[in-house]
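As a plain string of letters, each chain reads:
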Amino acid sequence: MADLSVKYLGLNLRNPFVVSSCGVSATVKGVKQCADCGAGAVVLKSLFEEQIEAEIGMGDLGGDIDIHPEASDYLSELGKLHGPRSYLQLIEEARREVDIPVIASVNCVSARWWSDYAQQIEAAGADALELNIAIMPRTLDQEGAGLEDAFYRIIDQVRKQVSLPLTVKIGPYFTALPRVVAGVVKAGANGVVLFNRFYQLDIDAETMELVPGYQFSSHQEMHLPLRWVSILSPQIECDFSASTGVQSGLDAAKMILAGANVVQIASVLYTEGIKHLGVMIKDLELWLDQHGFGAPDEIRGKLTQSESYKSETLERLQYIKTLGEAGSS
Ligand SMILES: Cc1cc2nc3c(=O)[nH]c(=O)nc-3n(C[C@H](O)[C@H](O)[C@H](O)COP(=O)(O)O)c2cc1C
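Notes on the structure follow. Just so you know, these numbers come straight off a predicted model, no measurement behind them.

## Overview of the site of the ligand
No. 1: Contacts to the ligand come from 23 residues, most closely from Ser-20, Ser-46, Ser-217, Ala-266 and Ser-267.
No. 2: Here the residues of the shell around the ligand sort into 6 nonpolar, 14 polar and 3 charged.

In structure tokens:
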């Protein structure tokens, strides 16, 4: 039987399945369920910067960027989300109740607040901190370089306050992703989560309103993080967590082959139930056994893309071939 244990952000995990920040990890009960079903680690539901502001009593965000559009949805969806103080309580209680790493998560859009709050998260006993930096350009005057600098400022600010392992969850929408991930690591992150999945917008054509779209990912979405993990993992020294579209043990094996240390999962826990964790874990174990590997470490990074011209050419040729096949059927 393969030994599934892995290291992520310097933490020892019994397996590479990390429950993503989502409603399932918003309560101690949910965290316990994830641990009971075999999760390697849990990322708690995010505390949104807007919640810190609300508790501190500052209405207008001003600052670097607009209010984050995901926040209002998450807030109204869960209704009774934690404020900053009860979030610290959630960290403390979750830490006490489970013996797997508990990673706190903050969804932020500016470099404010961190001097105090990051330290409080550390003091509450979080094993690591995941920053979901959710800065999205919305106006014509926002330039790429300025937005990227805002990312680095946040990370730098947090890094100065805590010695906890720090990971940064970003979206895929950058002109030069390799440079941004390198910058994120240089600013002090120990790992990256690729990718955040942004709020899905839809339109109700009857009521003529903007409404939330379907929030769960599909399995097909895993190809985007797979591609980028396979490109970036050989070039940048940090831990990689592959997130979005991971729904099976086989998906996890593929992400690890591409260079991921762990995978994160959310949607499938809603669509299949938290017990699906057990199925995924067993399937990864089986795949490793059937292919003669004793541990995830033995396959990590076996199938990456180097930064060479050759791998870019191969990817383009593969693309042309696939389009040709689709056209002829
Ligand atoms: C109901 C729900 C709530 C979520 N809440 C958060 C959150 O608070 N913070 C965060 O960083 N990501 C949040 N996410 C995004 C997930 O952590 C994850 O990045 C995304 O769903 C992609 O993974 P998946 O394909 O496994 O669902 C949420 C996702 C869902 C479905």
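## Things to note about helix α4 (residues 84–97)
For an α-helix, the turn length of 3.6 residues means that residues three or four places apart are oriented alike.
No. 1: Taking 1.5 Å of rise per residue, the 14 residues of α4 would be expected to cover 20 Å, and the 20 Å separating its terminal C-alpha atoms lies within 8% of that figure.
No. 2: Of all the residues in α4, the buried ones are Pro-84, Tyr-87, Leu-88, Leu-90, Ile-91 and Ala-94. In a view along the axis of α4, the buried residues occupy a sector of 155°, so they form one face of it. Turned more than 90 degrees from where α4 packs its buried face, Arg-85 and Arg-96 sit exposed.

## Quick look at helix α8 (residues 223–232)
No. 1: Counting buried residues in α8 gives 7 out of 10 residues, a clear majority hidden from the surface.
No. 2: Buried residues of α8: Pro-225, Leu-226, Trp-228, Val-229, Ser-230, Ile-231 and Leu-232, and no others.
No. 3: Buried residues belonging to α8 abut α7 (177–186), β9 (191–194), β12 (239–243) and α9 (249–257).

## Quick notes on the nonpolar core
No. 1: Membership of the largest hydrophobic core comes to 88 residues, with the highest contact counts inside it found for Val-42 and Leu-129.
No. 2: Excluding residues that lie within four positions of it along the chain, Val-42 makes contacts with Val-19, Ser-25, Val-31, Cys-34, Ala-35, Ile-100, Val-102 and Ile-103.

## Some words on the packing of α9 against helix α11 (residues 276–290)
No. 1: Between α9 and α11, whose axes approach to 7 Å, the crossing angle comes to 55°. Viewed along their axes, α9 and α11 adopt a mutual orientation that is oblique. Every pair of crossing elements has a handedness; the one defined by α9 and α11 is right-handed. Here Gly-249, Leu-250, Ala-252 and Ala-253 of α9 come into contact with α11, specifically with Met-280, Ile-281, Lys-282, Asp-283, Leu-284 and Trp-287.
No. 2: Residue classes in the contact of α9 with α11 are distributed as 7 nonpolar, 1 polar and 2 charged.

## Regarding unusual backbone geometry
No. 1: Phe-195 follows Leu-194 through a cis peptide bond whose omega is 10°.
No. 2: With respect to the secondary-structure elements, Phe-195 resides in the loop between β9 and β10 (201–204).
No. 3: One non-glycine residue, Met-208, lies in the positive phi region at around 55°.
No. 4: For Met-208, the position within the fold is in the loop between β10 and β11 (209–212).

What counts, and at which threshold
- Residues numbered from 1 in each chain as written.
- Predicted model: local features only at pLDDT ≥ 70, side-chain atom pairs only at ≥ 80, totals over all residues.
- Near = placed C-beta within 6 Å.
- Nonpolar A, V, L, I, M, F, W, Y, C, P; charged D, E, K, R; others polar.
- Helix = DSSP H or I, 4+ residues; strand = E, 2+ residues; numbered from the N terminus.
- Expected span 1.5 Å × (residues − 1).
- Buried ≥ 20, exposed ≤ 12 C-beta atoms within 10 Å, placed from the backbone.
- Arc of directions from axis to C-beta.
- Contact = placed C-beta atoms within 7 Å.
- Core = buried A, V, L, I, M, F, W, Y, C linked by C-beta atoms within 7 Å.
- Axes fitted to C-alpha atoms, helices over the stretch in contact; angles between N-to-C directions.
- Parallel < 35°, antiparallel > 145°, perpendicular 65-115°, else oblique.
- Left-handed = near helix turned anticlockwise from the far one by under 90°.

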